[in-house]
Amino acid sequence: MENHPRIEIMDTTLRDGEQTNGVSFVPHEKLMIARLLLEDLKVDRVEVASARVSEGEFNAVRMICDWAARRNMLPRVEVLGFVDGHVSVDWIHDAGCRVINLLTKGSEKHCTYQLKKTLDEHIEDIRAVVSYAHERDLDVNVYLEDWSNGMKDSPAYVFGLVDGLKDCGIRRFMLPDTLGILNPLQVIEYMRKMKKRYPDLHFDFHAHNDYDLAVSNVLAAVLSGVKGLHTTINGLGERAGNAPLASVQAILKDHFHAVTNIDESRLNDVSRVVESYSGMSIPANKPIVGESVFTQVAGVHADGDNKNNLYCNDLLPERFGRVREYALGKTSGKANIRKNLESLGLELDEDSMRKVTERIIELGDRKELVTQEDLPYIISDVLKHDGAQNKVKLLSYFVTLAQGLKPMATLSIEINGKVYQESSSGDGQYDAFVRALRKIYKGTLQRKFPMLTNYAVTIPPGGRTDAFVQTVITWNYEDREFRTRGLDADQTEAAIKATIKMLNIIEE
Ligand SMILES: CC(=O)SCCNC(=O)CCNC(=O)[C@H](O)C(C)(C)COP(=O)(O)OP(=O)(O)OC[C@H]1O[C@@H](n2cnc3c(N)ncnc32)[C@H](O)[C@@H]1OP(=O)(O)O
Ligand SMILES: CC(C)C(=O)C(=O)O
């Protein structure tokens, strides 16, 4: 392998990623994601659809190609097409795209049983499509679908296919592990056979994650000399998905000193957009982009960070536009708490630190989540002095729930010593409550009211109707994101408690 190989990244979130069960992007979402991939993340190429699928897909490809043409990026937009005479080529051409990724059969069994063709017939059909695509000014990459099985069961077929195609102006040959069956040793073995026989061809590799080996296999492919990799955002893709771009990028850079065009600092933001459009939540422990992966939980780790960054590796959160956090709970020590106090600009003496630490551990033991925003309340509660929470006090409220009528809320609240009262209807009790509050803040006080960006309710298992409900609300206020938590046997009451905490935080 070269010392610093240049690796081309082809992202297929909008084609294979959309083959994730339950995921479907509408055209404007596809356009937005394509823009983020090409302009922000700077991937080399994007595959945005399969030909022939639907009118909506045709419109999406057209929108993306119009946009890309205006920015001289059209050669970087690609569409998968089939060995179907003129049909896919015309579809792709008419949608304004200039690259076809032609799906051919990379294993004898696919050719025999699915297409019901001989190798020679298949080669003839492919060459006819390639030649027609060239006539219509399309660049052609060829995909050898099921290549991994082909190399296992029918290598003579694979070589026959490539021998029959290597002289007809195909730009890249993509060798997929369609069913995710390979391990890294096999990738190296098969890829080296290909490289040895065809030293001048450009090979891409496309992994699937059925055995959780997609990223390892991608790296084995790089070791074997492939020039391009297929990835998706958040590892979306058919069945168990593809290799996630964020992990691939981090490993290419840190383990192989490989060169890509990717702007790592945008990976997290783009992952969040794809999470939202796809509806597929990113697991909290997913490397690079998971919510918790830059959070130190154990007290000893937090302490080590203060001592020559003993618990940091090369994956510094700042690289990816993120920050290190320190969790609060039963495994917290003084160091976690001090780190959180520092970010809040607070300081405590040794005795107070001990009391606050004890309280946090006690809360953690009861399975309660403690957020950084809870700290000022815990401190004022433990140290028995009035803290920030006294600036806003909910004096009384009344919410209704009646069959056939919209829920109503009436509340009386003290804000910086003055009392306000309001009522509103809403789509639920909590919605009515928040609408009444908004009337006070935005109407009477002419102030901004934070935007609720996430609302998560946890009900402990066990089926008890009087069990405590934990509501964690994420707010956005003046470009700052923070969470508050409410705990109560009643879900609306828990949300109201979290909301009053939020109001005290914005008063600080
Ligand atoms: C490994 C992968 O991810 S491959 C992903 C390929 N992309 C897609 O499948 C996109 C989504 N697919 C679709 O929208 C539809 O399947 C379409 C529009 C492509 C075809 O739809 P239909 O005409 O209804 O066919 P259907 O889906 O039942 O079957 C696929 C047909 O394609 C044929 N086919 C399979 N691979 C290829 C190929 N590489 N080239 C040409 N035809 C092929 C099959 O032999 C079958 O033909 P048959 O009906 O004559 O037996
Ligand atoms: C379209 C094809 C090449 C694919 O996604 C695969 O083989 O996994």
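Residues numbered from 1 in each chain as written. Chains lettered and ligands numbered in written order. Predicted model: local features only at pLDDT ≥ 70, side-chain atom pairs only at ≥ 80, totals over all residues.

This part takes up the site of ligand 2. The full set of residues close to ligand 2 is Asp16, Leu80, Leu103, Tyr143, Glu145, Pro176, Thr178, His206 and His208. The residue makeup of the shell around ligand 2, split by class, is four nonpolar, three polar and two charged. (Near = placed C-beta within 6 Å. Nonpolar A, V, L, I, M, F, W, Y, C, P; charged D, E, K, R; others polar.)

Attention now moves to the site of ligand 1. With respect to spatial proximity, 16 residues lie near ligand 1, and among them Ser50, Val53, Phe82, Val83 and Leu103 are the closest. Residues that form the shell around ligand 1 fall into these classes: six nonpolar, five polar and five charged.

For isoleucine 92, the position within the fold is in helix 3 (residues 87–94). Expressed as a C-alpha distance, the spacing of isoleucine 92 and glycine 81, which sit eleven residues apart in the sequence, is 7.8 Å. The contacts of isoleucine 92, once residues within four sequence positions are left out, are Ala51, Val79, Gly81, Cys97, Ile100 and Leu138. (Helix = DSSP H or I, 4+ residues; strand = E, 2+ residues; numbered from the N terminus. Contact = placed C-beta atoms within 7 Å.)

Right, let's get into the sheet that holds strand 13 (residues 418–425). Each strand in a sheet pairs with its neighbour through backbone hydrogen bonds, running either in the same direction (parallel) or in the opposite one (antiparallel). Judged by pairing direction, the sheet is antiparallel, and its three strands sit side by side in the order 11-12-13 without closing on themselves. Edge positions in the sheet fall to strand 11 (392–399) and strand 13, since each of these pairs with one other strand and no more. In this sheet, adjacent strand axes meet at a mean angle of 15° when their direction is disregarded. The pairing of strand 12 (residues 408–415) with strand 13 spans eight bridges and is classified as antiparallel. Directly across from threonine 410, in strand 13, lies its bridge partner serine 423. (Pairing = 2+ DSSP bridges. Axes fitted to C-alpha atoms, helices over the stretch in contact; angles between N-to-C directions.)

An α-helix turns once every 3.6 residues. As a result, residues three or four positions apart point the same way. Helix length check: helix 2 (residues 55–70), at 16 residues, gives a terminal C-alpha distance of 23 Å against a target of 22 Å (1.5 Å per residue), a fit within 8%. Buried within helix 2 are the following residues: Glu57, Phe58, Ala60, Val61, Ile64, Cys65 and Ala68. Projected down its long axis, helix 2 shows its buried positions confined to an angular sector of 160°, all on one face. More than 90 degrees from the buried face of helix 2, the exposed residues found are Glu55 and Arg70. (Expected span 1.5 Å × (residues − 1). Buried ≥ 20, exposed ≤ 12 C-beta atoms within 10 Å, placed from the backbone. Arc of directions from axis to C-beta.)

What follows deals with helix 14 (residues 350–365). Compared with an ideal rise of 1.5 Å per residue, which puts 16 residues at 22 Å, helix 14 spans 22 Å between its outermost C-alpha atoms and is within 8% of the ideal. Every buried residue of helix 14 is accounted for by Val356, Thr357 and Ile360. The buried residues of helix 14 occupy an angular sector of 105° when the element is viewed end-on, so they sit on one face. Seen from the buried face of helix 14, the exposed residues on the opposite side, beyond 90 degrees, are Asp351, Glu358, Glu362 and Asp365.

In the numbering used here, UniProt assigns the "domain: Pyruvate carboxyltransferase" (unreviewed entry) feature to residues 7–268. Annotation note: span residues 7–268, helix share 45%, strand share 16%, distance between end C-alpha atoms 21 Å. (UniProt positions renumbered as here; feature names shortened; annotations may be inferred.)

Take the sheet that holds strand 8 (residues 228–231) next. The sheet built from eight strands closes into a barrel, its strands ordered 1-2-3-4-5-6-7-8 with parallel pairing. Averaged over all adjacent pairs, the angle separating strand axes in this sheet is 30°, with direction ignored. With respect to the sheet, helix 2 is in contact with strand 2 (45–50) and strand 3 (77–82), its orientation differing from that of strand 2 by roughly 155°.

A word on the domain arrangement of the protein chain. The domain architecture assigned to the protein chain consists of domain 1 (8–278), domain 2 (295–382) and domain 3 (388–507). A straight line from the C-alpha centre of domain 2 to that of domain 3 covers 27 Å. On the side of domain 3, eleven residues touch domain 2, which itself brings eight residues to the contact. Residues belonging to the side of domain 2 that touches domain 3 are distributed by class as follows: three nonpolar, two polar and three charged. (Domains from an automatic or database assignment.)

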